[in-house]
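# An overview of the molecular structure
Chain residues, written in single-letter form:
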Amino acid sequence: MVEKMKKLSVLIYDVFKDEFLNGLQEIGVVDLNIDYTKESEKISDLKKRIAQLKKAKSFLLQFNEKDVKKKSLVCEETRELLLKIENLQKQYENILDKIKSTDEEIKILEKWGDFDPIIFSKLENEKIYFKFYSATKEEFEKLEKKDYFVEEINRIGNTVYFVVISREEVELTEPKLEKLPMKKLSEVKLYHQHLETQLQETILAIRALIYNISDIDKEINKLSDELFFQLGKENLSYLVEDKVLYITGYFPVKSEEKLIEFLNKNDIVYIIDNVSIDENVPVKLKNDKFSSLFEVITNLNSLPKYYELDPTPFLAPFFGLFFGLCIADVGYGIILLLVTLGAFLFVREKNLKSIAALGLIFSIFTIIAGIFLNTFFGMEILKLPINPELKRLVLFTDMNSAMGFAILLGVIQVSLGYCMQIANKIKLYGIEGGLQPLGVLLLFLGVLIYSILFIVEGDMNIGPIPIKKLLSYIPFAKVLSSIMVIGGVVLVLLFNNLNQKIFLRPLLGLWDLYGIITGVPGDILSYLRLFALGLAGGLLGNAFNQIALMVKGDGNNIVGIVGMILILIVGHGLNLILAVLGAFVHPL
């Protein structure tokens, strides 16, 4: 649910503003109306310092090792530490550039061998010229060699590397003139080793500073608090020039007593109001332990507006079930259960522990869905040599019933979605606002009930669920479903755009009606992708099983057995990873 908030309006003297903001910061219950685009010299400096610290932290984390524990040390001032990190970063990047440059030089020189450039320089003084060329074998063999001497140095593939020696300057046209660094190969390699040593020493110096990451985090938090404080000051509005300030914000209703105590203690003039519908109220979710695990999923989409229903409690069971259906394999569910259980037991960080708990829930849903849909590591459960009583838990034994179950879930969730929309519209605009989505729901359910009972021939069962039989218990079903359809159409046509005049609404409602007729069936059918993902994963798992059995052969060859095991591990591992990715994305 969305936590209830109230609005706080405060009048304070300018001289008390710092004390007031500090007090609010300490109790930490008020969300001030702050324009984060406000700028001042102090704010710009704080933003710059925070950015520098984050950049320094990011650089240090590149060299973090699993065995390096982050802990706070008594170290130099943060500015001094930051300067040291920046200098080490420049040194590290400079060495990397030099290593890259020497790598390129070594790559070029290795084609020509370890010659001494000083000898070439002395010979040129004696009017003996050397030029380095490369050519194809065919081009090399065609060289005339009249006024110059040619010495082949190396051959790599179809390329010949050679030197032209002459008493006068010679320019060959077809061969490619090579520009070599006039350095000795052995010296360049020695310099490269020296750079590698420098690089390792620099990395060790950087890793020595990783212990100070917690100090950097503290400084970032401290500067962020100071930045928020300065932004708060900049957002204060003067009612009386340079004397009286006015500030507004929102706070949770549960913190009202604590806030009033602070305000009265400091003799601050304030007004506490209920929030109005047109205000941009900050949203804070408050759910039970189970539903709160799914708040991370809600945040991935978008938080509800303050006056809307929190979708998290409704999302929780559906998302878990849809996740399970997208994998729908008992074996994969057991693997996920073991992995997430291990993470839950051994991970200490609170956020990661809650994600592990969410993983446990998804694993259980995956196992249940796998049982319902008859799959264990790509094999059919009904064909496995297990207790017949356990086989009774398999509910959907054929493709049609599994597809029907996916569509049934779509009908239930879409209907629930319209119910939530009705509730939200009533909260925002009153009873009249909820009539249009009510009309859509009535139209949708009315057409569905009428079609199943009076158009579809024969029984309609989804696995063990007798849909048509259950709907037949509705009294006066034909009349009732007809009334629902007609009433739904009327509500859609008359209450679609409440800001328009009543005689214009039917015309606008026709477009809405077209969207409903074409859109809602598509929304329902889109739930088939849940079944399709589970089916694809099962078929792929079965394919890996078949390949593994073929590799195994008659079982007398150890190589075949090892190959079978490798294929099963790698194949099912890849299939599980793909299935988990799909299961997380598609239910969104």
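What counts and what doesn't
Residues numbered from 1 in each chain as written. Predicted model: local features only at pLDDT ≥ 70, side-chain atom pairs only at ≥ 80, totals over all residues. Heavy atoms only, no water. Helix = DSSP H or I, 4+ residues; strand = E, 2+ residues; numbered from the N terminus. Buried < 20%, exposed > 50% of the residue type's maximum accessible area, 1.4 Å probe, protein only. Contact = heavy atoms within 4.5 Å. Salt bridge = Lys/Arg side-chain N within 4 Å of Asp/Glu carboxyl O. Phe/Tyr/Trp six-rings, centres within 6.5 Å; stacked < 30°, edge-to-face > 60°. Lys NZ or Arg CZ within 6 Å of the ring centre and 35° of its normal. Lys, Arg positive; Asp, Glu negative; His and termini not counted. Axes fitted to C-alpha atoms, helices over the stretch in contact; angles between N-to-C directions. Parallel < 35°, antiparallel > 145°, perpendicular 65-115°, else oblique. Left-handed = near helix turned anticlockwise from the far one by under 90°. Patch = residues over 30% accessible without salt bridge, like charges linked within 9 Å, V, L, I, M, F, W, Y side chains within 5 Å. Areas by Shrake-Rupley, 256 points an atom, 1.4 Å probe, with all protein chains shown as cover. 1 Å grid on protein atoms, 1.4 Å probe; cavity = no way out; pocket = protein on both sides within 12 Å on 5 of 7 lines; lining within 4 Å. Points joined across faces, edges and corners; volume = space filled by probe spheres on them. Nonpolar A, V, L, I, M, F, W, Y, C, P; charged D, E, K, R; others polar. Expected span 1.5 Å × (residues − 1). Core = buried A, V, L, I, M, F, W, Y, C linked by side-chain atoms within 4.5 Å.

### A few points about the overall build of the protein
Helix and strand content of the protein: 21 helices and eleven strands. Every one of the 588 residues in the protein was classed for burial, and the buried ones make up 39%. Partitioning the intrachain contacts of the protein with sequence separation of at least 6 by distance along the chain shows that 74% fall at a separation of at least 24.

### So, the pattern of salt bridges
Inspection of every chain in the model, using the stated rule, returns five salt bridges. Between Lys-183 and Glu-105 there is a salt bridge; the shortest N-O distance is 2.9 Å. Taken together, the positions of Lys-183 in the loop between strand S6 (176-177) and helix H6 (185-208) and Glu-105 in helix H3 (residues 78-109) put the pair 78 residues apart, joining distant regions of the chain. Residue Lys-183 is classed as partly exposed on the basis of its relative accessible area, which comes to 38%. A salt bridge links Lys-383 to Glu-380, with the nearest nitrogen and oxygen atoms 3.8 Å apart.

### Overview of the packing of aromatic side chains
Remark: the centre distance and the inter-plane angle together describe each pair of aromatic rings, the angle taken between the planes. Per the stated rule, a full pass over the model turns up 15 aromatic pairs. Consider the rings of Phe-323 and Phe-362, whose centres lie 4.5 Å apart with planes at 15 degrees: the pair is stacked. Residue Phe-323 is found in helix H11 (residues 312-327), and its partner Phe-362 is found in helix H13 (residues 350-372); the two are separated by 39 residues along the sequence. With a relative accessible area of 4%, Phe-323 lands in the buried category. An aromatic cluster is defined as three or more aromatic residues linked by ring pairs; in this entry it consists of Trp-112, Phe-115, Phe-132 and Tyr-161. One cation-aromatic arrangement involves Lys-353 over Phe-344; the distance from NZ or CZ to the ring centre is 4.7 Å. Cation over ring: Lys-478 sits above Phe-454, and NZ or CZ is 5.5 Å from the ring centre.

### Remarks on the side chain of Arg-505
Looking at the element boundaries, Arg-505 is found in helix H19 (residues 505-525). For the buried Arg-505, no salt bridge is present, and the opposite-charge side chain at shortest range is Glu-432, 4.0 Å distant. Residues within four places of Arg-505 in sequence aside, it is in contact with Glu-432, Leu-493, Leu-494, Phe-495, Asn-496, Asn-497, Leu-498 and Gln-500.

### Looking at the packing of helix H15 (residues 399-429) against helix H16 (residues 435-454)
It is the contact of H15 with H16, at a shortest axis distance of 8 Å, that shows an interaxial angle of 155 degrees. In this view, H15 runs roughly antiparallel relative to H16, as classed from their interaxial angle. In this structure, H15 meets H16 at a crossing whose hand is left-handed. Note on element contacts: H16 touches H15 through Pro-437, Leu-438, Val-440, Leu-441, Phe-444, Leu-445 and Leu-448, opposite Val-411, Val-414, Ser-415, Tyr-418, Cys-419, Gln-421, Ile-422 and Lys-425.

### Details of a nonpolar patch on the surface
Together, Ile-486, Val-490, Leu-494, Ile-502, Phe-503, Leu-504, Leu-507, Leu-508 and Leu-510 give the surface a local cluster of nonpolar side chains, amounting to about 830 Å² of exposed area. Looking at the nonpolar patch, the elements with two or more residues in it are helix H18 (477-494) and H19. Locating Val-490 in the fold gives a position in helix H18.

### Quick look at the layout of surface pockets
In this structure, the largest pocket encloses a volume near 660 Å³. Val-411, Phe-444, Leu-448, Ile-449 and Ile-452 are the residues nearest the centre of the largest pocket, which is lined by 25 residues in total. Counting only elements with at least two residues in the lining of the largest pocket, the list comes to H15, H16, strand S10 (461-462), helix H17 (467-471) and H19. Top contributing element to the lining of the largest pocket by residue count: H16, with eight residues. Class assignment for the residues of the lining of the largest pocket results in 22 nonpolar, three polar and no charged. Along its surface, the second largest pocket is lined by 23 residues, and Pro-311, Leu-315, Gln-413, Gly-417 and Met-420 are the ones closest to its centre. When residues of the lining of the second largest pocket are traced back to their parent elements, those giving at least two are helix H10 (295-301), H11 and H15.

### Here we look at empty space enclosed by the protein
Applying the stated criterion across every chain yields a total of one cavity of 30 Å³ or more. Within this model, the largest cavity holds a volume of roughly 40 Å³. What lines the largest cavity is simply Leu-325, Leu-373, Ala-402, Phe-405, Ala-406, Leu-530 and Phe-531. The element best represented in the lining of the largest cavity is H15, accounting for three residues. When grouped by side-chain class, the residues that make up the lining of the largest cavity number seven nonpolar, no polar and no charged.

### Notes on H15
For H15, with 31 residues, the first-to-last C-alpha span of 45 Å sits near the 45 Å given by 1.5 Å per residue. Just downstream of H15 lies Gly-430, where phi reads positive at about 90 degrees.

### What to know about the packing of H15 against H19
Packing of H15 against H19 leaves a shortest axis separation of 8 Å and a crossing angle of 130 degrees. When the axis of H15 is compared with that of H19, the two are oblique. Between H15, through Ile-407, Gly-410, Val-411, Val-414 and Tyr-418, and H19, the contact on the second element is made entirely by Val-520, Ile-524 and Leu-525. Across the contact of H15 with H19, the residue classes tally to seven nonpolar, one polar and no charged.

### What about the nonpolar core?
Counting 55 residues, the largest nonpolar core has Phe-294, Phe-322, Leu-325 and Ile-327 as its most contacted members. The next biggest cluster of nonpolar side chains, apart from the first, holds 24 residues, and it includes Ala-56, Leu-195, Leu-199 and Ile-210.

### Details of the environment of Asp-288
Tracing the sequence through the fold places Asp-288 in the loop between strand S9 (269-274) and helix H9 (289-292). Judged by relative accessible area, which is 46%, Asp-288 ranks as partly exposed. Spatially, the C-alpha atoms of Asp-288 and Met-1 are 9.1 Å apart, while their sequence positions differ by 287 residues.

Fair warning: the whole summary comes from geometry, so function is off the table for now.
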